[in-house]
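# Structural description and commentary
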Amino acid sequence: MVTDLSSCTSVARQLMAQPRTTTSGAESRIGGAARVRGRVQGEGDLIVEGHVEGDLTLRGHLTVAEGGSVACDTVAAESVTIAGLLQGEVTASGPVQLGATARVRGNLKGSAVTIAEGAHFSGRLDCDFDLPQELGGTAREARTKAPTRR
Amino acid sequence: MASTVIGAGIIIEGEITTDEDVVVVGVVRGKVSAKEAVTIQQGATVEADVTGGSLTVAGTLTGNITSTDRVDLQAGARVVGNVKAARVTIADGAQFKGNVDMDL
């Protein structure tokens, strides 16, 4: 199933307008000129401005910045924001956001998936609605909001 | 702020290649090659051959170091491996096992 959702919720717009900033030292960054080949795993937020090839497993937020690219078999994180290139299977326990500059090929799974206008996406969208009670609210919200077009 | 930061909770098994600088606070196993400064901070564990410009080590490093500029092993550093650089400093309190080659 290929889904084309050319709108995103106002909450997601807000989130994408204000890039996440963490003041703690738990933030990691793969710079624009950097290339990582191999397995990346761990805790904390990660911003990818460069290139990552390999598997990515993160207990934290993953941001693929504009100009950044990730080519992985599997990408697992708590939440994912994509403004760059991503190829692979994305599994998030929280929301997945595709910004206007995102180019994504692969399957997306998250509690909520938002796709901004201008984003390119080909693959399967999987919002799990049989989530536990505390996550169910977000998932249902995503279902009611996602198909609305502007 | 450095362009590439491997945070405290992050483990990378593989290769990091960059034209810019790298700061490691977490764990890297594999290979690190940078054109600019490489900093291995206190608490970091690097099991990799490291090449770069100016190299500063305050954490644990197992592997060979090759620098086009200088290598500074700071107090608290634990380094096992060979160091190849024109300028090398080993601070009081740094542990080092390996060969130093300043013949560049």
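Above this text is the structure in question.
Numbering of residues starts from 1 in each chain and follows the order in which that chain's sequence is written. All chains are assigned letters beginning with A, and all ligands numbers beginning with 1, in the order in which they are written. Confidence filtering applies because this is a predicted model: local features only for residues at pLDDT of at least 70, side-chain atom pairs given and counted only at 80 or more, and all residues used for totals across whole chains, interfaces and linings. Only hydrogens and water are set aside; all other atoms, that is, all heavy atoms of the structure, feed into the side-chain values.

Secondary structure elements follow DSSP: runs of H or I no shorter than four residues count as helices, runs of E no shorter than two count as strands, and numbering proceeds from the N terminus. Helix and strand content of chain A: two helices and 15 strands. Counting over 150 residues, chain A shows a buried share of 45%. Throughout, a contact is declared for two residues whenever any of their heavy atoms are within 4.5 Å. Long-range contacts, defined here as pairs at least 24 residues apart, represent 16% of the contacts in chain A between residues at least 6 apart. Surface accessibility of chain A: about 7,700 Å² in total, with carbon and sulfur atoms responsible for 48%. When accessible area is computed with a 1.4 Å probe and restricted to protein chains, residues below 20% of their type maximum are described as buried, those above 50% as exposed, and intermediate ones as partly exposed. Surface exposure here means Shrake-Rupley accessible area, sampled with a 1.4 Å probe, where a residue is shielded only by the protein chains that are shown.

Further remarks concern a nonpolar patch on the surface. Residues and elements named next belong to chain B. Residues enter patches when their relative accessible area tops 30% and they take part in no salt bridge; the joining distance is 9 Å for like charges and 5 Å for the nonpolar side chains Val, Leu, Ile, Met, Phe, Trp and Tyr. Salt bridges are identified by distance alone: a Lys or Arg side-chain nitrogen within 4 Å of an Asp or Glu carboxyl oxygen. Residues I90, V100 and M102 make up a contiguous nonpolar surface patch of about 250 Å² in total accessible area. Inspection of the secondary structure puts I90 in strand β13 (residues 87-90). Since its relative accessible area comes to 42%, I90 is described here as partly exposed.

The figure often quoted for interface size is the accessible area lost as the parts come together. Tallying the contact residues gives 19 residues for chain A and 20 residues for chain B. In this description, buried area is defined as the sum, over both parts, of the accessible area (probe of 1.4 Å) that is lost when the two are combined. Overall, the association of chain A and chain B removes approximately 1,500 Å² of surface from exposure, summing both partners, and the carbon and sulfur fraction of that is 48%. Three residues, R29, A33 and Q41 of chain A, lead the burial of chain A against chain B; their summed loss comes to 30% of the area buried on that side. Joining chain A to chain B, the criterion identifies one salt bridge. Its salt-bridge partner being R39 of chain A, residue E13 of chain B comes within 2.8 Å of it at the nearest N-O pair. Listing elements by their share of the side of chain A that touches chain B, those giving two or more residues are β1 (28-30) and β2 (35-43) of chain A. Among the elements that line the side of chain A that touches chain B, the one with the most residues is β2 of chain A, at nine residues. The residue makeup of the side of chain A that touches chain B, split by class, is six nonpolar, seven polar and six charged. Only when DSSP finds a minimum of two bridges between them are two strands counted as paired. With eight bridges joining them, β2 of chain A and strand β2 (residues 10-18) of chain B adopt antiparallel strand pairing. Counterpart to V36 of chain A in the pairing with β2 of chain B is I16 of chain B. In the scheme used here, Gly and all other residues not listed as nonpolar or charged are polar, with Ala, Val, Leu, Ile, Met, Phe, Trp, Tyr, Cys and Pro taken as nonpolar and Asp, Glu, Lys and Arg as charged.

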